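Coordinate analysis (summary)
So you can see what is in the structure, the chains are spelled out below.
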There are 2 protein chains.
Amino acid sequence: MKQSTSLAAIALAVAGLAAAPAPAAAASPAPTPSQIVASAPAADWTDVPAENLLLLDLAGGGRVAIELAPDFAPVHVANIRKLVQAGWFDGTSINRVQDNYVAQWGDATERKALPAGIVAQPPAEYERPAEGSGFAALPYRDAYAAKVGHADGWPAASEGRDAWLVHCYGMVGVGRDMSPDTGTGAELYAVIGHAPRHLDRNIAVAGRVLDGIEHLSTLPRGTEALGFYARPDQRLPIATVRLAVDLPPTDRSAYQVLRQGSPSFAAWVHARANRKDDFFIRPAGGADICNLQPPVRRKP
Amino acid sequence: MKQSTSLAAIALAVAGLAAAPAPAAAASPAPTPSQIVASAPAADWTDVPAENLLLLDLAGGGRVAIELAPDFAPVHVANIRKLVQAGWFDGTSINRVQDNYVAQWGDATERKALPAGIVAQPPAEYERPAEGSGFAALPYRDAYAAKVGHADGWPAASEGRDAWLVHCYGMVGVGRDMSPDTGTGAELYAVIGHAPRHLDRNIAVAGRVLDGIEHLSTLPRGTEALGFYARPDQRLPIATVRLAVDLPPTDRSAYQVLRQGSPSFAAWVHARANRKDDFFIRPAGGADICNLQPPVRRKP
């Protein structure tokens, strides 16, 4: 499709999870970000541990794969693991979908008892010490933080001695009520719009969607205030939520993330921020951290 | 819904087009952005001219209201008006929907003859002189441009003597092939994900979706590379595209945008960048220009 092919080509690089073949501009002097990803050697990819991989299966089909972030929100992630291993999310539903904001799921009745061992009031795991977090700053400006970059392969920001995960498209946060409540993890949301970065350090970020976010982002928007569904029958039921480690190997999904610090990762970041393929007239010379979410692929 | 209400409350401010009632935090010491918008006097709103309002009616229902930007892309907008007034888009379709990127429409066959008077090779209307554009900078950092702010009520950026519209959620751009081609306007896309700001100054931005973007953002994602649909029958047909000025008054939609420079606009920007309602622990003290898209409402 002539007029759209070139626009389309760059989409590969923009769509963080795109696992599509290299675009038509393969003869381009500068490799595109997607070409760099497609040619990254096995050593430049790192496995997502099965104990951190949450698999949310929707009623009627559709699996959303979520990587948990235990290093950033350990108590919230421990709660989520307990909820999942107790089958607590099974039969709950997606109750709220607000355009350009979030899709949110949990127990719509808010009467479902939590399993034993859940920490009812987790600490405010909104930031952690930058030291030891694996945070590496990028030389790009950010509207919200002094520094942005990646921390152990996650989009992150840092100020002073703190580092935190940023609310990019696909990041998964913990719904909460007014401070000091931080949420138990029984109500979660995924960002399905432009990064609501003002939530950073105000809410616990507990994970990110690695695959299948289209099963959330294409849902009908709720017509009530804030995107809540007007009728209970509009809520999409969740069949099961499991940790990959608890599933039989045949039913596990397995993913890899381009490894922060690898040559391919560095080349990909540079190419994303300095687009030089045939389509571009003016490379940006920088990029929003939420346009630098590390590439993900199914484990070969 | 206890755990989600507060998270939900801030959604109003994030969803630029939200016309929902003031959130539960009405007793909050600092008014929320949505409260400021809800209480803005009539004098602080400005009408979208009917000759700039494009109404895209989808087969099977659903209207997408798009404001054209003739001051930023005059030749492209003149082309789009000619295409629309010739009924050229009627019976075309949405051919590509890529998650976290764009929904794109036009003639899938690329064989449909263009009406007389279309400029086949418009100039590269990627920026304009900042002087006379109405650009007013905000004191917030940006990853892509030296300055960001608003220009005549549009999210914009500026560097040196130039100003340009930025690729925020809902912005409408002109699909093109390789430079120096700039596209005729016969193939358009709307951003349905995190702002692909690297497209700024590489593509003509010709408008923005004011209402009904959920009719695009919820469409099934195309399964082919770049989000193109695999089968022609997966494309959503477009019934008609009209300018509001050409419709009978009863069928016109009419919108207003919170007026840049009005007291309510200034208060809204400040509140968006410095959230102090009960939910927030840590106001950001800044905001991404794409989280500062001017509020829009139906004309009362």
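Residues numbered from 1 in each chain as written. Chains lettered and ligands numbered in written order. Predicted model: local features only at pLDDT ≥ 70, side-chain atom pairs only at ≥ 80, totals over all residues. Heavy atoms only, no water.

**Structural notes on the packing of aromatic side chains**
All names here are of chain A. The cut-off we apply is this: Each aromatic pair joins two rings of Phe, Tyr and Trp (for Trp, the six-membered one) with centres within 6.5 Å, and gets the label stacked for planes under 30 degrees apart, edge-to-face for over 60, and tilted for any other angle. Numbering of helices and strands starts at the N terminus; helices are DSSP runs of H or I of at least 4 residues and strands are runs of E of at least 2. Throughout this description, buried means an accessible area under 20% of the type-specific maximum (1.4 Å probe, protein chains only), exposed means over 50%, and partly exposed covers the range between.
If you walk through the whole model with that rule in mind, you get six aromatic pairs over all chains. Ring geometry for F265 against W268: centres 5.8 Å apart, planes inclined by 45°, an arrangement best described as tilted. Highlighted residues: F265 and W268, both in helix α5 (residues 263–273), separated by three residues, approximately one helical turn. Residue classification places W268 among the buried positions, given a relative accessible area of 3%. Ring centres of F279 and F280 lie 5.5 Å apart, and the angle between their planes is 75°; this geometry places the pair in the edge-to-face category.

**A few points about the pairing of strand β14 (residues 236–243) of chain B**
Residue and element names in this part refer to chain B. What counts, and what does not: For two strands to count as paired, DSSP must find a minimum of two bridges between them.
Of the strand pairs in this sheet, strand β2 (residues 53–58) and β14 are connected by five bridges, and their pairing is antiparallel. Paired with D57 across the bridge in β14 is T240. Sheet analysis places strand β4 (residues 93–97) next to β14, joined by two bridges and oriented antiparallel. Bridge pairing in β14 places I94 opposite L236.

**Quick word on the confidence of the model for chain A**
Residue and element names in this part refer to chain A. The following threshold applies: Scored from 0 to 100, pLDDT records how confident the predictor is in each individual residue. Here a residue-residue contact requires only that any non-hydrogen atoms of the pair lie within 4.5 Å.
On average, residues of chain A score 91 in pLDDT, and 90% of them reach the 70 mark or higher. Residue range residues 1–26 is modelled with pLDDT below 50. Its contacts to residues more than four positions away, or to other chains, number 82 contacts. Scoring of the predicted complex yields 0.92 for pTM and 0.91 for ipTM.

**Describing the pattern of salt bridges**
Where we set the bar: When a carboxyl oxygen of Asp or Glu lies within 4 Å of a side-chain nitrogen of Lys or Arg, that pair is called a salt bridge.
The full count for this structure, using the stated rule, is 28 salt bridges over all chains. Between A:R63 and A:D57 there is a salt bridge, with the nearest N and O atoms lying 2.7 Å from each other. Across this residue pair, the class does not change: A:R63 and A:D57 are buried. The salt bridge involving B:R242 is made with B:D90; its shortest N-O contact spans 2.8 Å. Here B:R242, found in strand β14, pairs with B:D90, found in the loop between α3 (74–85) and β4; they are 152 residues apart in sequence, far enough to count as distant. The class for B:R242 is partly exposed, based on a relative accessible area of 26%. Each of A:D57, A:R63 and A:D251 takes part in a single network of salt bridges with overlapping partners.

**With respect to the state of the cysteines**
All names here are of chain A. Put simply, the test is: A pair of sulfur atoms, both from cysteines and within 2.5 Å, is called a disulfide here.
In the structure shown here, the tally under the stated rule is two disulfides over all chains. Covalent S-S linkage joins C168 and C290, the inter-sulfur distance amounting to 2.0 Å. Residues C168 and C290 are joined through a disulfide that is left-handed, its torsion about the S-S bond being -80°. Of this pair, C168 sits in the loop between β10 (162–165) and β11 (171–174) while C290 is found in the loop between α5 and β16 (296–298), placing the two residues 122 residues apart along the sequence. Overall, the relative accessible area of 4% leaves C290 in the buried class.

**With respect to unusual backbone geometry**
Glycine aside, a negative phi is what most residues show, and trans is what most peptide bonds show. In this chain, A:S179 is followed by A:P180 through a cis amide linkage whose omega measures 10°. Here A:P180 is to be found in the loop between β11 and β12 (188–191). Look at B:D152: it is not a glycine, yet its phi comes out positive at around 50°. In this structure, B:D152 sits in the loop between β8 (147–151) and β9 (154–159). Looking at B:D152, the relative accessible area reads 46%, which means it is partly exposed. Even without a glycine there, the phi angle at B:L226 is positive, about 70°. Following the sequence through the fold, B:L226 ends up in the loop between α4 (214–217) and β14.

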